[in-house]
Amino acid sequence: MKSNLPDFDELLFLANNKPDDLERLRKQLIEEAIQDAPLEYQRRLRGIQFQVDMKIRQSSNPMSACVAISKLMYESLHQLQLTLTNPEHAQLTRKRLNGELPAEDGAAPADVICLTNRRAAAPTI
């Protein structure tokens, strides 16, 4: 079911008097937007929404959340601009991130060590 966005006055009322209802509406509208997107984009959209939700959760107040989300969007736009203006650099960066190429500084990829096994084997004091 496609929900309609309430008018500004109702959103303001919810924000001031029923913040839980406003949050529920926000999540419902986001979920509907993701469901309406083509299937091949839904996973990426959920990942972006996760990042946005974490920025909101980590913020101490709504203005801080707004600034953090704006920064996230700006960084994404900046990456898009770099990709459009220099596609070769973007392709190399993507290959480095995927582990297909060594890091720019020549450092080799690090080994990941499972600490759970080491803690179990370590003597207790």
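Scroll up for the structure.
All residue numbers here refer to positions counted from 1 along the written sequence of the relevant chain. Since the coordinates come from a predicted model, pLDDT governs what is reported: local features require at least 70, and pairs of side-chain atoms require 80 or more to be given and counted, while whole-chain, interface and lining totals use all residues. The side-chain quantities take in all heavy atoms of the structure and omit both hydrogens and water.

Topic: the environment of Asn4
Inference 1: Helix and strand assignments follow DSSP, with helices taken as H or I runs no shorter than four residues and strands as E runs no shorter than two, numbered in order from the N terminus. For Asn4, the location among the structural elements is in the segment before α1 (8-17).
Inference 2: Working definition: with a 1.4 Å probe on protein chains only, accessible area under 20% of the residue-type maximum means buried, over 50% means exposed, and in between means partly exposed. The exposed category is assigned to Asn4, whose relative accessible area is 68%.
Inference 3: Once the C-alpha coordinates of Asn4 and Leu25 are considered, the two residues, 21 residues apart in sequence, prove to be 10.0 Å apart.

What about the pattern of salt bridges?
Inference 1: Any Lys or Arg side-chain nitrogen found within 4 Å of a carboxyl oxygen on Asp or Glu counts as a salt bridge. In total, this model carries 4 salt bridges according to the counting rule given.
Inference 2: Among the ionic pairs, Asp53 bridges to Arg26, the shortest N-O distance being 3.2 Å. Here Asp53, found in helix α3 (residues 39-58), pairs with Arg26, found in helix α2 (residues 19-36); they are 27 residues apart in sequence, far enough to count as distant.
Inference 3: For Arg26, a relative accessible area of 24% puts it in the partly exposed group.
Inference 4: Between Glu31 and Arg46 there is a salt bridge; the shortest N-O distance is 2.8 Å. Within this pair, whereas Glu31 is found in helix α2, its partner Arg46 is found in helix α3, the two being separated by 15 residues in sequence.
Inference 5: Judged by relative accessible area, Glu31 falls into the partly exposed class, the value being 32%.

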